[in-house]
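Structural description and commentary
So you can see what is in the structure, the chains are spelled out below.
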Amino acid sequence: MKYLCLVYLDQENWSACPDPVCADYAQGLEESKRLLAAEPLHPVHTATTVRVRNGQVQLYDGPFAETKELLAGFYLVEANDLNEAIQIASGIPPAKHGAIEVRPVRQLDLGQAAE
């Protein structure tokens, strides 16, 4: 099953974990065939939030919501179950400086048309 591990950091700890440390962990996951994708994100001031209301596109600078911890990157992993995904997430280096949200990925239900 696929799990998305979302990395959250506050601005003070945005660069607390060096890229080579994260790359080494990702390489280990890749070698064990558990890593599907992983990418860091640029700081939140580069974000643009898009909403469509009544057919009109609205753009906002910055993230969707004001929070202390901001989305910093992700690891998309293959795990047998939630426990294995949590084990993988606990090894993600930025977990020492922020938080890792683990969420199962679901398949789109293409059996019903949207109304």
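Just above, that's the structure.
Scope of this entry: the structure provided in the associated data block. Note that the structure is predicted; figures quoted are calculated from it, not measured.

Time to look at the overall build of the protein. Counting its regular elements, the protein contains 2 helices and 6 strands. Put simply, the protein runs from its N terminus to its C terminus through helices and strands in the order β-α-β-β-β-β-α-β. Structurally, the protein occupies a C-alpha span of about 45 × 40 × 20 Å along its principal axes. For the protein, the proportion of its 115 residues judged to be buried stands at 25%. Across the protein, contacts joining residues at least 24 apart in sequence account for 78% of those joining residues at least 6 apart. Here the protein displays about 8,400 Å² of accessible surface, and carbon together with sulfur accounts for 52% of that area.

Right, let's get into the nonpolar core. Membership of the largest hydrophobic core comes to 21 residues, with the highest contact counts inside it found for Cys5, Val7, Tyr75, Val77 and Ile92. Taken together, the elements giving at least two residues each to this core come down to strand 1 (2-9), helix 1 (19-31), strand 5 (70-78) and helix 2 (82-91). Residue contacts for Val77: discarding those within four places in its chain leaves Met1, Lys2, Tyr3, Cys5, Leu29, Arg34, Leu35, Leu36 and Ile88.

Another point: the pattern of salt bridges. The tally for this structure, following the rule as stated, stands at 2 salt bridges. Among the ionic pairs, Glu84 bridges to Arg34, the shortest N-O distance being 3.7 Å. Of this pair, Glu84 sits in helix 2 while Arg34 is found in the loop between helix 1 and strand 2 (35-40), placing the two residues 50 residues apart along the sequence. For the salt bridge of Glu101 with Arg103, the shortest nitrogen-to-oxygen distance reads 3.6 Å. Judged by its relative accessible area of 29%, Glu101 is partly exposed.

Our next topic: the side chain of Glu84. We classify Glu84 as buried; its relative accessible area is 17%. Discounting chain neighbours no more than four positions away, the residues touching Glu84 are Arg34 and Ala79.

Quick look at the environment of Leu36 now. By the secondary structure assignment, Leu36 is in strand 2. The residues contacting Leu36, other than those within four sequence positions of it, are Lys2, Leu76, Val77 and Glu78.

Positive phi, normally seen in glycine, also occurs at Lys33, with a value near 65°. As for its placement among the helices and strands, Lys33 is situated in the loop between helix 1 and strand 2. Even without glycine at this site, Asn54 takes up a positive phi of about 50°. Along the chain, the position of Asn54 falls in the loop between strand 3 (48-53) and strand 4 (56-61).

Taken together, the buried positions of helix 2 are occupied by Glu84, Ala85, Ile88 and Ala89. Along the axis of helix 2, the buried residues cluster in a sector spanning 140°; they form a single face. The outward face of helix 2, more than 90 degrees from its buried face, is lined by the exposed residues Asn83, Gln87 and Ser90. Structurally, the start of helix 2 carries an N-cap: the backbone nitrogen of Asn83 is 3.2 Å from a side-chain oxygen of Asp81.

Reading the values: rules and limits
- Residues numbered from 1 in each chain as written.
- Predicted model: local features only at pLDDT ≥ 70, side-chain atom pairs only at ≥ 80, totals over all residues.
- Heavy atoms only, no water.
- Helix = DSSP H or I, 4+ residues; strand = E, 2+ residues; numbered from the N terminus.
- Buried < 20%, exposed > 50% of the residue type's maximum accessible area, 1.4 Å probe, protein only.
- Contact = heavy atoms within 4.5 Å.
- Areas by Shrake-Rupley, 256 points an atom, 1.4 Å probe, with all protein chains shown as cover.
- Core = buried A, V, L, I, M, F, W, Y, C linked by side-chain atoms within 4.5 Å.
- Salt bridge = Lys/Arg side-chain N within 4 Å of Asp/Glu carboxyl O.
- Arc of directions from axis to C-beta.
- Polar contact = N/O pair within 3.5 Å; in protein donor to acceptor, adjacent residues only side chain to side chain.

In short, the description is geometric, and any link to function would need to be established separately.
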